[in-house]
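# Coordinates in review
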Amino acid sequence: MIRVTVWNEYYHEKYDKTVAEIYPNGIHNAIADFLGCEDIEVRTATLDEPDCGLSQKVLDNTDVLIWWGHMRHDFVPDDIVERVKAEVLKGMGLICLHSAHHSKIFRSLMGTTCNLSWREDGDLERIWTVNPAHPIAKGVGRYFELPQVETYAEPFGIPNPDDVVFMGWYEGGEVFRSGVTFHRENGKMFYFQPGHETFPIFYNPTVQTIIRNAVRWATPTYRASELSCPNVERVHNK
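A few points on the structure. (Residues numbered from 1 in each chain as written. Predicted model: local features only at pLDDT ≥ 70, side-chain atom pairs only at ≥ 80, totals over all residues. Heavy atoms only, no water.)

## Observations regarding the nonpolar core
Counting 72 residues, the largest nonpolar core has Leu 35, Ile 66, Trp 67, Val 84, Phe 106 and Phe 166 as its most contacted members. Ranked by residue count, the leading element in this core is helix 7 (residues 205-218), at seven residues. Residues within four places of Ile 66 in sequence aside, it is in contact with Val 4, Thr 5, Val 6, Trp 7, Ile 31, Leu 35, Ile 95, Leu 97, Ile 211 and Val 215. (Core = buried A, V, L, I, M, F, W, Y, C linked by side-chain atoms within 4.5 Å. Buried < 20%, exposed > 50% of the residue type's maximum accessible area, 1.4 Å probe, protein only. Helix = DSSP H or I, 4+ residues; strand = E, 2+ residues; numbered from the N terminus. Contact = heavy atoms within 4.5 Å.)

## Things to note about helix 5 (residues 78-90)
Every α-helical turn comprises 3.6 residues, leaving residues that sit three or four positions apart pointing alike. With 13 residues, helix 5 extends 18 Å between its outermost C-alpha atoms, agreeing within 8% with the 18 Å of an ideal straight helix rising 1.5 Å per residue. Of the positions making up helix 5, those classed as buried are Ile 80, Val 81, Val 84, Glu 87, Val 88, Leu 89 and Lys 90. Where helix 5 is buried, its residues contact helix 4 (56-60), strand 3 (64-68), strand 4 (93-97), helix 6 (104-110), strand 8 (175-184) and strand 9 (187-192). Phi turns positive, to about 145°, at Gly 91, one or two residues after helix 5. (Expected span 1.5 Å × (residues − 1).)

## Notes on unusual backbone geometry
Put simply, Glu 154 and Pro 155 share a cis peptide bond, and its omega is 5°. Here Pro 155 shows up in the loop between strand 6 (143-153) and strand 7 (163-170). The backbone of Asp 51 sits at a positive phi, close to 60°, despite the residue not being glycine. The class for Asp 51 is partly exposed, based on a relative accessible area of 40%.

So this is what it looks like as structure tokens:
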């Protein structure tokens, strides 16, 4: 079984009526509901739980962590961020969704601002599969459309990705690297742009397929027990 933890700050749903109507049980539970299947075991965690729901025990039992945040990036303590970062470097997979581009954990692992341009007016987005051979694109057509999204536009202040899997085009004319992958030491990362809280994007079947594919892709093939820089003996004696 692939052990997935879906993390959500869980604030919009509590204080915004529109968001609460779309995701009455929270974005984290909406994602957990479609992820749970024969090879994926899901738990959820939220900001207000002890240790933000991300204790060492939870992370030790997580193969892939999915992160959604927006209003409360700065409320995640730095020691929790470092704890998560260490597990990614050891080999845990990390999937960052939508506004998690500005989360502490994503920016720390990128080492850049992760800034972008944005506009919230409900434009249509056409998302093109530009790397159909990538495992995350399995079962996804040449393109798919989301009728209403928050526009994200280039330039996107991230390092050059390992792969650009999806490219978004908006009816306002903007483009954006909507699905990109990275390796950080032993860990695999996927950033996926769709997922604004005021639109029912996580109910879209193609979005669900992509996130499910990403979980399977990001699952560790190797996970170090610790991060170290050891002094070692030579293999062959003189």
